[in-house]
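Given next are the chains, with one letter for each unit.
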Amino acid sequence: MAEELAMVRRNVEREDAVAIRHLARAYQAGNWEIAVNLKKAAKLYKRAAELGDADACFSLAYAYDDGDGVRQNKAKALAFWRRAAAQDHDVRTKCNAETVLFLSLSIASDGPTPEAVALVRDAAGRGYAEAEYHLADLHLDGAGGVPQDTREAKRLLANAAGKGYDDARAKLADLGSSLVEIED
């Protein structure tokens with residue numbers, strides 16, 4: 001454990017964005033016997049984000065959204081989620097960022113904006129279960145410029161449920177549908 005931390009710290013000194021992010025997570029979670037320090041974690045996430053680490057942007061967005069180690073600032077959170085979503089990085093992280101962006105834009109307005117709907121469609125199109133779930137909701141409600149289409153909503157929910165997304169399973173049950181019915 002001490003050896004791993006020493007290696008991370010050496011790489012942090014070299015301005016390695018991934019190492020900086022790992023050290024930030026250690027301060028956030030108390031890993032490697034490091035005392036939890038959310039302010040230090042946020043500072044390290046910010047440095048890693050400045051060096052181009054998309055995962056750090058994503059984590060920093062959550063810090064700003066929740067006020068963990070920084071003054072809560074929804075606008076900054078949204079900016080970092082957008083930045084994470086725009087960067088070329090791990091698909092799951094991008095899908096997470098896009099889905100969070102969708103939710104943030106939906107909460108911030110009277111409904112999902114065209115930008116938010118486009119992002120959640122893109123994430124759902126790449127098979128991210130949470131995005132499929134949210135897009136299904138839009139189809140069920142006919143919201144955000146998405147046509148009301150119960151069959152498409154059930155298909156999306158079945159996809160998400162098949163990936164283990166429990167909220168999708170529950171919604172399918174509420175709709176009286178099973179995965180077998182959708183596949184037929």
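Above this text sits the structure in question.
The model shown is predicted, which means the values in this text are computed figures rather than measured ones.

Each value, and the rule that gives it
Residues numbered from 1 in each chain as written. Predicted model: local features only at pLDDT ≥ 70, side-chain atom pairs only at ≥ 80, totals over all residues. Heavy atoms only, no water. Salt bridge = Lys/Arg side-chain N within 4 Å of Asp/Glu carboxyl O. Helix = DSSP H or I, 4+ residues; strand = E, 2+ residues; numbered from the N terminus. Buried < 20%, exposed > 50% of the residue type's maximum accessible area, 1.4 Å probe, protein only. Axes fitted to C-alpha atoms, helices over the stretch in contact; angles between N-to-C directions. Parallel < 35°, antiparallel > 145°, perpendicular 65-115°, else oblique. Left-handed = near helix turned anticlockwise from the far one by under 90°. Contact = heavy atoms within 4.5 Å. Nonpolar A, V, L, I, M, F, W, Y, C, P; charged D, E, K, R; others polar. Phe/Tyr/Trp six-rings, centres within 6.5 Å; stacked < 30°, edge-to-face > 60°. Patch = residues over 30% accessible without salt bridge, like charges linked within 9 Å, V, L, I, M, F, W, Y side chains within 5 Å. Areas by Shrake-Rupley, 256 points an atom, 1.4 Å probe, with all protein chains shown as cover. Lys, Arg positive; Asp, Glu negative; His and termini not counted. Charge placed at Lys NZ, Arg CZ, Asp CG, Glu CD. Arc of directions from axis to C-beta.

Novice: How would you explain the pattern of salt bridges if you had to name every residue and give the values?
Specialist: All told, the structure shown has 9 salt bridges when counted by the stated rule. One salt bridge connects Arg 47 with Glu 15, and the closest N-O pair in it is separated by 2.3 Å. With a gap of 32 residues between them, Arg 47 in helix H3 (residues 38-50) and Glu 15 in the loop between helix H1 (2-13) and helix H2 (17-29) connect regions that are remote in the sequence. On the basis of relative accessibility, which here comes to 36%, the residue Glu 15 falls in the partly exposed class. Within this structure, Glu 15, Arg 47 and Glu 50 form a network of salt bridges that share partners.

Novice: I'd love a proper account of the packing of helix H9 (residues 150-162) against helix H10 (residues 166-175), names of residues and values included.
Specialist: Packed helix pairs are characterised by how far apart their axes lie and by the angle those axes make with each other. Following both chains from N to C, one finds H9 and H10 inclined at 140°, their axes separated by 8 Å at the closest point. Between H9 and H10, the angle is such that the two are oblique. Between H9 and H10 lies a crossing whose hand is left-handed. Between H9, through Lys 154, Leu 157, Ala 158, Ala 160 and Ala 161, and H10, the contact on the second element is made entirely by Ala 168, Arg 169, Lys 171, Leu 172 and Leu 175. Class assignment for the residues of the contact of H9 with H10 results in 7 nonpolar, no polar and 3 charged.

Novice: Now, about unusual backbone geometry: what can you tell me, with residues and values included?
Specialist: A positive phi is found at Trp 32, a non-glycine position, where the angle reads about 55°. Residue position: Trp 32 is located in the loop between H2 and H3.

Novice: So what about the environment of Glu 98? Which residues, and what values?
Specialist: Locating Glu 98 in the fold gives a position in helix H6 (residues 91-108). Judged by its relative accessible area of 2%, Glu 98 falls in the buried class. Remark: the alpha-carbon pair of Glu 98 and Val 117, spanning 19 residues in sequence, is separated by 9.8 Å. Apart from residues lying up to four places away in sequence, Glu 98 is in contact with Ala 85, Leu 119, Asp 122, Ala 123 and Arg 126.

Novice: Give me the packing of aromatic side chains: which residues, what numbers.
Specialist: If you walk through the whole model with that rule in mind, you get 4 aromatic pairs. Look at Tyr 62 and Trp 81: their rings are 5.4 Å apart centre to centre, the planes differ by 90°, and that puts the pair in the edge-to-face class. You can see Tyr 62 sitting in helix H4 (residues 54-66) and its partner Trp 81 sitting in helix H5 (residues 74-86), a full 19 residues away along the chain. Residue Tyr 62 is classed as partly exposed on the basis of its relative accessible area of 35%. Under the relative-accessibility criterion, Trp 81 is labelled buried at 2%.

Novice: Outline a positive patch on the surface, listing residues and values.
Specialist: Together, Arg 9, Lys 39, Lys 40 and Lys 43 line one region of the surface with positive charge. Its location among the elements puts Lys 40 in helix H3.

Novice: Could you give an account of H10, with specific residues and numbers?
Specialist: Within the sequence span of H10, burial applies to Ala 168, Lys 171 and Leu 172. For H10, the angular spread of the buried residues around the axis is 105°, confining them to a single face. Those residues of H10 that are exposed and aimed more than 90 degrees away from the buried face are Asp 166, Ala 173 and Asp 174. Of the residues one or two after H10, Gly 176 is the one with positive phi, at around 75°.

Any functional reading would require information beyond the geometric quantities listed.
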